[in-house]
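One-letter residues, chain by chain:
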Amino acid sequence: MKAFQLIPAIAEYADFKTYAQEAGLGAEDLILTNEYIYEPTISALNLGCHTLFQEKYGMGEPTDVMVDAILDELRDKDYNRIIAVGGGTIIDIAKVLAVASKEDKVDNLYDRMADLHKVHELVIVPTTCGTGSEVTNISIINRTTKGVKQGIVSPAMFANEAALIPGMLASLPYGVFATSSIDAMIHAVESFLSPNACAISELFSKSALHLILSGWRAAVDNGDRDAWKKYAARFLRASNFAGIAFGHAGCAAVHALSYPLGGAHHVPHGQSNQLMFADVMRKYQEKKPVGKLNKLEEILAAELDTEPVFALEELYKLMNAVLEKKQLREVGVTADELPVYAKTVLETQQRLLNNNYVELTEEDILSIYTNAF
């Protein structure tokens, strides 16, 4: 079993101004963010940093085309440190920039993944409460030329610091909160069930589940869609803890099966995970009802005030209260795509499937897709 490591350094700050002062941001830094984040929060500080707004190069989750355009834009700029302020797209792009030399394109990084080196110091300031990728060493890129989402993974892609600033979540729309917190919850579950989990990673998985489920219940009971903002710090820490857990133990089938939905139908990542979660878990129950899954059921039962046998179904109900679950057909998936997805996932996502609670065959994967359809 690999040793548990906690990388990068993690710090919490009262606000972005405090962070900027302590970090000494200035002319040798590049702030990678979105303009809607930069304008109300950062621009008034007059830091003198280079700035780059991701949305000028493409919308949605990161693609090879988007990242190559950003790399082209930066070839003639000199900067030492990258400050990534944003959600999953910003963070994934920043990790690529941190290991890319001036002449690189995205495909070059895949080709030499085993020999990547950090070119720029990287600090990540997450503005959503889901990806947890401020503490992981993987960047997921939609390789449009190959029709698949694939990760670039390297120790060099760890940030130097993850800077947690709860106030940066203040302007997060409810839909983004819902999908990102669901993503974090699934990170916690998949990392807990992973055969690569250890006692330390399980602590982070369980802590993340406690923070998310208690926060969801409090927000749902309040009845106000903005009630979650009272617990922003809780959700931000939960995302971070879940990221630490899956950074060690990995994610699994839920993420593997969700990637074709994001790549082909542009379903937001957290929502695509929700579309697959219940049916993956039901397949796990069908194939191996006795095992570590029972420990998860006990943890969920304690959080949801129910019996272990009902715990997963109660979790699905709570998730549905946070964000109503759709069927695959409702997001544009067609029946004839399902066997293609099942085959593609088995061929391209072994990195994730190796972390499954139980092995899934192509027939199992097709069954999961069919049940979710």
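Preceding this paragraph is the structure being described.
Parameters at a glance
Residues numbered from 1 in each chain as written. Predicted model: local features only at pLDDT ≥ 70, side-chain atom pairs only at ≥ 80, totals over all residues. Heavy atoms only, no water. Salt bridge = Lys/Arg side-chain N within 4 Å of Asp/Glu carboxyl O. Helix = DSSP H or I, 4+ residues; strand = E, 2+ residues; numbered from the N terminus. Buried < 20%, exposed > 50% of the residue type's maximum accessible area, 1.4 Å probe, protein only. Axes fitted to C-alpha atoms, helices over the stretch in contact; angles between N-to-C directions. Left-handed = near helix turned anticlockwise from the far one by under 90°. Contact = heavy atoms within 4.5 Å. Parallel < 35°, antiparallel > 145°, perpendicular 65-115°, else oblique. Nonpolar A, V, L, I, M, F, W, Y, C, P; charged D, E, K, R; others polar. Expected span 1.5 Å × (residues − 1). Pairing = 2+ DSSP bridges. Right-handed = clockwise from strand over helix to strand, strands pointing away.

K.L.:
What should I look at first to understand the pattern of salt bridges in this one?
P.N.:
Where charged atoms of side chains with opposite charge meet at close range, the side chains can pair. What the rule picks out here adds up to 16 salt bridges. Note that Glu314 is salt-bridged to Lys317, the shortest N-O span being 3.2 Å. With a gap of three residues between them, Glu314 and Lys317 both fall in helix α12 (residues 308–322), about one helical turn apart. Taking relative accessible area as the criterion, Lys317 reaches 53% and is therefore assigned exposed. A single salt-bridge network, built from bridges that share partners, covers Asp72, Arg75 and Lys105.

K.L.:
Even after reading the chapter, I still don't get the packing of helix α6 (residues 174–193) against helix α10 (residues 269–287), so can you show me in this structure?
P.N.:
Packed helix pairs are specified by the crossing angle of their axes together with the interaxial distance, meaning the distance between the axes. At a closest axis distance of 8 Å, the pairing of α6 and α10 adopts a crossing angle of 35°. For the element pair α6 and α10, the recorded crossing hand is left-handed. In this structure, α6 contributes Thr179, Ile182, Asp183, Met185, Ile186, Val189 and Leu193 to the contact, and α10 contributes His269, Gly270, Gln271, Asn273, Gln274, Phe277, Met281 and Tyr284.

K.L.:
Honestly, unusual backbone geometry in this entry has me stumped. Any pointers?
P.N.:
A negative phi holds for most residues other than glycine; trans holds for most peptide bonds. In this structure, the amide linkage connecting Ile7 to the following residue, Pro8, adopts the cis form with an omega of 5°. With respect to the helices and strands, Pro8 occurs in the segment before β1 (9–12). The backbone of Asn46 shows a phi angle near 50°, a positive value even though the residue is not glycine. Within the element layout of this structure, Asn46 appears in the loop between α2 (35–41) and β3 (50–53). The exposure class assigned to Asn46 is exposed, which follows from its relative accessible area of 68%. Although it is not a glycine, His266 adopts a positive phi angle of roughly 55°. Relative to the helices and strands, His266 resides in the loop between α9 (253–265) and α10.

K.L.:
So what exactly am I meant to see when it comes to the packing of α6 against α9 here?
P.N.:
At a closest axis distance of 9 Å, the pairing of α6 and α9 adopts a crossing angle of 135°. Taken together, the axes of α6 and α9 lie oblique to each other. Contact with α6, carried on its side by Asp183, Ile186, His187 and Glu190, involves Ala253, Val254 and His255 of α9 and no other residues of that element. A class-by-class count of the residues in the contact of α6 with α9 yields three nonpolar, two polar and two charged.

K.L.:
Even after reading the chapter, I still don't get helix α11 (residues 292–304), so can you show me in this structure?
P.N.:
The α-helix winds at 3.6 residues per turn, so residues separated by three or four positions along the chain end up facing the same way. With 13 residues, α11 should cover 18 Å at 1.5 Å per step; its first-to-last C-alpha distance of 19 Å lies within 8% of that length. Lining the buried residues of α11 we find α6, α7 (199–222), α10 and α12. Once α11 finishes, Asp305 follows within two positions and takes phi at roughly 55°, a positive value.

K.L.:
Explanation requested: the sheet that holds β3 in the structure shown.
P.N.:
What holds strands together in a sheet is hydrogen bonding between their backbones, with the strands either parallel or antiparallel. Spatially, β1-β8-β5-β4-β2-β3 is the arrangement adopted by the six strands of the open sheet, whose pairing is parallel. In this open sheet, the two strands that pair with only one neighbour each are β1 and β3. The mean inter-strand angle of the sheet, taken between neighbouring strand axes irrespective of direction, is 20°. Where strand β4 (residues 81–86) meets strand β5 (residues 121–126), six bridges bridge the pair, whose relative direction is parallel. Within β5, the position partnered with Val85 by the bridge is Val125. Strand contacts of helix α1 (residues 16–23): β4, β5 and β8 (161–164), with the helix running at about 170° to β4, the strand carrying the most contacts. The sheet contacts of helix α8 (residues 232–249) involve β1, β5 and β8, and relative to β1 the element is tilted by about 175°.

K.L.:
I tried to follow the pairing of strand β2 (residues 29–33) on my own but got confused; where do I start?
P.N.:
Each regular strand shows side chains that alternate between the opposite faces of the sheet. Along β2, five of the five residues are buried, which leaves the element largely enclosed by surrounding structure. Of the two faces of β2, both are covered, the one formed by Asp29, Ile31 and Thr33 as well as the one formed by Leu30 and Leu32. Here β2 runs beside β4; their pairing, made up of four bridges, is parallel. What sits directly across from Leu30, in β4, is Ile82. Taken together, the four bridges between β2 and β3 define a ladder with parallel strand orientation. Within β3, the position partnered with Thr33 by the bridge is Phe53. Remark: the β2/α2/β3 crossover connection has right-handed handedness.

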